[in-house]
Amino acid sequence: MMGRTIVIDPGRCIGCQACVSACRECDSHRGRSMIHLDYLDQGNSVASSPTVCMHCEDPLAPCAQVCPAEAILVTPDGVVHDADKSRCIGCGNCVNACPMGVPKIDLAAKLQFKCNLCYDRTSYGLAPMCATVCPTGSIFYGTLDELRSERPGVEVASTFDIDGTILSTGVAVVVPGDRPRDLPLPGGAGEHPRVTGSPQPAGHLEPNADNVLGEPL
């Protein structure tokens, strides 16, 4: 887990989409949102949760490892950047490699886009746009000590069990306090979550799927 990072608290998310709107205002990808709001049980519940890049640490950035153009940079601070647009060939390897379903391909531009922790802000000590505007604190940015000072007793997890492979991430998720600390969160099971919450087969890439970006909003 990174020193200063995002911590997602799904229990605080109210689905207002303020994070989505704020992300569109980032100068590095103005007009596009790199954060996805997932509805966890669509049709049965209003429960929602923001999905950002988890900045995988071990294994390190699967998206970058499979990029044939070496377009995805991982900086020493652990941030996994979106693809360098001068190198990206839009092949979609990163989409298929990401266990969290984060990278998206713009088929028209033949380019990849994804959350990069608002590096134009965080590299200067500012919080990401999404964390700045979240009215409930569902998206927290800071150190673990700062989080626990603000929310005594909170517990977080940054390891996931993806179909039997243990993944450690730089971004953390708030978990119930009675959950064993060394127990990875379940994930994967051959499916990635869509923005709608409906299943999307892993490795599936088609023009109408939610892993593809349309025209800028």
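Per chain, residues are indexed from 1 in the order of the written sequence. A pLDDT threshold of at least 70 governs which residues receive local features in this predicted model, and a stricter bar of 80 or more applies before side-chain atom pairs are shown or counted, although totals over entire chains, interfaces and linings include all residues. Derived side-chain values reflect all non-hydrogen atoms in the structure, with water molecules and hydrogen atoms excluded from consideration.

Looking at an unreviewed UniProt entry, one finds the chain named 4Fe-4S ferredoxin-type domain-containing protein and attributed to Catellatospora bangladeshensis.

**Q** Tell me about the pattern of salt bridges, and please be specific about residues and values.
**A** Salt bridges are counted wherever a side-chain nitrogen of Lys or Arg sits within 4 Å of a carboxyl oxygen of Asp or Glu. Under the criterion given, the structure shown has nine salt bridges. Measuring nitrogen to oxygen at the nearest pair gives 3.2 Å for the salt bridge that ties Lys85 to Asp82. Arg148 serves as the salt-bridge partner of Glu155, at 3.7 Å between the closest nitrogen and oxygen. Any residue under 20% of the maximum accessible area for its type is buried, any over 50% is exposed, and the rest in between are partly exposed; the area is computed with a 1.4 Å probe on protein chains only. Judged by its relative accessible area of 13%, Glu155 falls in the buried class. What emerges from the salt-bridge pattern is a single network uniting Asp9, Arg12, Glu150 and Arg151.

**Q** Outline the environment of Pro186, listing residues and values.
**A** Per the convention used, a helix needs a DSSP run of H or I reaching at least four residues, while a strand needs a run of E reaching at least two, with both numbered from the N terminus. Looking at the element boundaries, Pro186 is found in strand E10 (residues 185-187). Residue contacts are counted whenever heavy atoms from the two residues lie within 4.5 Å of one another. Not counting chain neighbours up to four residues away, the residues in contact with Pro186 comprise Asp161 and Arg179.

**Q** Go over the packing of aromatic side chains with me, naming the residues and quoting the values.
**A** In this scheme Phe, Tyr and Trp rings, the latter by its six-membered ring, pair at centre separations within 6.5 Å, and the angle between planes marks the pair as stacked below 30 degrees, edge-to-face above 60, and tilted otherwise. Taken as a whole and judged by the stated rule, the model has zero aromatic pairs. The side chain of Arg32 reaches across the aromatic face of Phe113, ending 4.4 Å from its centre. Cation over ring: Lys85 sits above Phe113, and NZ or CZ is 4.5 Å from the ring centre. Whether a charge sits over a ring depends on NZ of Lys or CZ of Arg being within 6 Å of the ring centre and within 35 degrees of the ring normal.

**Q** Could you give me a rundown of the confidence of the model for the chain, with the residues and numbers involved?
**A** On average, the chain scores 85 in pLDDT, and the residues at 70 or more come to 86%. Across the chain, the element-wise mean pLDDT spans from 37 in strand E12 (residues 199-201) up to 97 in strand E7 (residues 139-142). Confidence scores here are pLDDT values: one per residue, from the predictor, ranging 0 to 100.

**Q** Can you lay out the pairing of strand E9 (residues 165-175) for me, pointing to particular residues and giving the numbers?
**A** The element E9 is largely enclosed, with a buried count of eight among its eleven residues. Any two strands with at least two DSSP-identified bridges between them are counted as paired. Two strands pair when backbone bridges link them, and strand E1 (residues 5-8) and E9 are joined in this way by two bridges, in the parallel orientation. In the sheet register, Val7 faces E9, and the bridge partner there is Ala172. Across two bridges, the pairing between strand E4 (residues 56-58) and E9 is antiparallel. By the bridge assignment for E9, Cys56 is matched with Thr169.

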